[in-house]
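Analysis of the macromolecular model
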Amino acid sequence: QVQLVESGGGLAQAGGSLRLSCAASGFMFRINTMAWYRQAPGKQRELVATITSGSSTNYADFVKGRFTISRDNAKNTVYLQMNSLKPEDTSVYYCNKVGTSSTGRPYAYYSWGQGTQVTVSS
C-alpha cells in the first residue's frame, strides 16, 4: 500500500523557516522523481519543486532561491527546506511521485496524502 506522510508544517513568521518531511512507502522511492505541491483554500494545487532520482532539482519561480528540495533514499524521505517565508506561502503542502503525461507534462502519480499545513504570519 502506497503511503505518503507529510510532516513538519506549522506556524512561522514572515522571513522565517520551516523544514517539511515526506515519508514514502509502498513503491520504489529511490528510482523515482518526487515533488512537493501546495494548495491554498479556493485555489488550484500548484507544483512547488521536483527532485529526480539523481537529485536534479527544479523549482517554481515563486519559490526559487528560497526553498530547497532534497531527498534521503536510505530513509525514503523527501524534504523541503523553506526559508524567507512569505504570507503567500501559506498553504497545505503535499508530496507525491511524479509521472509524465502523454503531452510531456508532469503529474502527481498517486492519491494525495493528508498534507501538512504551513501558515506564515505577516
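Scope of this entry: the structure provided in the associated data block. Remember, it's a predicted structure, so these values are computed and weren't measured experimentally. (Residues numbered from 1 in each chain as written. Predicted model: local features only at pLDDT ≥ 70, side-chain atom pairs only at ≥ 80, totals over all residues. Heavy atoms only, no water.)

Our next topic: the state of the cysteines. In total, this model carries one disulfide according to the counting rule given. Put simply, Cys 22 and Cys 95 are joined by a disulfide, and their sulfur atoms are 1.7 Å apart. Every disulfide takes its handedness from the sign of the S-S torsion; for Cys 22 and Cys 95 that torsion is 55°, giving right-handed. You can see Cys 22 sitting in strand β3 (residues 18-25) and its partner Cys 95 sitting in strand β9 (residues 91-100), a full 73 residues away along the chain. (Disulfide = S-S within 2.5 Å. Helix = DSSP H or I, 4+ residues; strand = E, 2+ residues; numbered from the N terminus.)

So, on to the pattern of salt bridges. Applying the stated criterion across every chain yields a total of four salt bridges. Salt-bridge contacts for Glu 46 lead to Arg 38; the nearest nitrogen and oxygen are separated by 2.8 Å. On the basis of relative accessibility, which here comes to 5%, the residue Arg 38 falls in the buried class. Among the salt bridges present, the one from Asp 89 reaches Arg 38, with a minimum N-O distance of 2.9 Å. Pair noted here: Asp 89 is in the loop between β8 (77-82) and β9 and Arg 38 is in strand β4 (residues 34-39), with a separation of 51 residues, a long-range link. Neither residue differs from the other here; Asp 89 and Arg 38 are each classed as buried. Look at the salt bridges and you will find they share partners, linking Arg 38, Glu 46, Arg 66 and Asp 89 into a network. (Salt bridge = Lys/Arg side-chain N within 4 Å of Asp/Glu carboxyl O. Buried < 20%, exposed > 50% of the residue type's maximum accessible area, 1.4 Å probe, protein only.)

The sheet built from four strands is open, its strands ordered β1-β3-β8-β7 with antiparallel pairing. On the outer flanks of this sheet lie β1 (3-7) and β7 (67-72), each paired with one strand and no other. Averaged over neighbouring strand pairs, the angle between their axes works out to 15° when direction is ignored. Pairing between β1 and β3: five bridges, direction antiparallel. Following the sheet pairing, Leu 4 is matched in β3 by Ala 24. (Pairing = 2+ DSSP bridges. Axes fitted to C-alpha atoms, helices over the stretch in contact; angles between N-to-C directions.)

Let's shift gears to unusual backbone geometry. The phi dihedral of Ser 55 is positive, around 70°, even though this residue is not glycine. Here Ser 55 lies in the loop between β5 (46-51) and β6 (57-59). Phi angles above zero are rare outside glycine, and Ser 84 is one such case at about 50°. Take Ser 84: it is sitting in the loop between β8 and β9.

The next subject is the nonpolar core. The biggest cluster of nonpolar side chains holds 26 residues, and the ones touching the most others in it are Trp 36, Val 78, Leu 80 and Tyr 93. Per-element accounting of this core gives the leading share, four residues, to β3. Every residue in contact with Val 78, bar those within four places of it in the chain, is listed here: Leu 20, Ser 21, Cys 22, Phe 29, Met 34, Trp 36, Ile 51, Ile 69, Ser 70, Arg 71 and Cys 95. (Core = buried A, V, L, I, M, F, W, Y, C linked by side-chain atoms within 4.5 Å. Contact = heavy atoms within 4.5 Å.)

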